[in-house]
Amino acid sequence: VQLQASGGGLVQAGGSLRLSCTASRSILSTFSTVDMGWYRQAPGKQRELVATITSGRSTNYADFVKGRFTISRDNAKKTAYLQMNSLKPDDTAVYYCYMYWAPREYWGQGTQVTVSS
């Protein structure tokens, strides 16, 4: 299984970006049963959870993105999204998509988000 993340880029503070994470064709029939998420890693820092969405569409957010970021999924497109609004310079990081397909975890390659002040 491969995860392809996209949508990162350079944006000014207060701006928005939408990240996408698409799973490979091999998971087509079971994507609706997996949990998806986004993590991020800033330079010199540990990777941290941003948001998750379960197969039942329950969501969980890190406190530092609540009210600004929204995670969603489109099972027909095998894609999870992270809508990021009101971006801050502290949101600058490489964002990684994540999939939990029991009993294994899968990671995308990461997409860079840079927020300028």
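Below: a short report on this structure. None of these values were measured; they are calculated from a predicted model. The residue numbers shown here count from 1 along each chain, following its written sequence. In view of the model being predicted, local features appear only for residues whose pLDDT reaches at least 70, and side-chain atom pairs are presented and counted only at 80 or more, with totals across whole chains, interfaces and linings using the full set of residues. Water and hydrogen atoms were dropped before computing side-chain values, which therefore reflect all heavy atoms in the structure.

Okay, the pattern of salt bridges next. Salt bridges, as used here, are contacts in which a Lys or Arg side-chain nitrogen is within 4 Å of a carboxyl oxygen on Asp or Glu. The full count for this structure, using the stated rule, is four salt bridges. Between Asp-91 and Arg-40 there is a salt bridge, with its nearest N and O atoms 2.9 Å apart. In this pair, Asp-91 is assigned in the loop between β8 (79-84) and β9 (93-101) and Arg-40 in strand β4 (residues 35-41), connecting sequence segments 51 residues apart. Residue classification places Arg-40 among the buried positions, given a relative accessible area of 6%. Several salt bridges share partner residues, and in doing so they unite Arg-40, Glu-48, Arg-68 and Asp-91 into one network. For helices the rule is a DSSP run of H or I covering at least 4 residues; for strands it is a run of E covering at least 2, with both sets numbered from the N terminus onward. For each residue, the accessible area found with a 1.4 Å probe, counting protein chains only, is set against the maximum for its type, and the residue is called buried under 20%, exposed over 50%, and partly exposed in between.

It is worth spelling out the pairing of strand β11 (residues 111-116) at this point. The alternating pattern of β11 places Thr-111, Val-113 and Val-115 on a buried face, while none of Gln-112, Thr-114 and Ser-116, on the opposite face, is buried. Pairing geometry for strand β2 (residues 9-12) and β11, over four bridges, is parallel. Bridged to Gly-9 within β11 is Val-113. Only strands that DSSP links by at least two bridges are regarded as paired with each other. Where β9 and β11 come together, three bridges link them in antiparallel fashion. What sits directly across from Val-94, in β11, is Gln-112.

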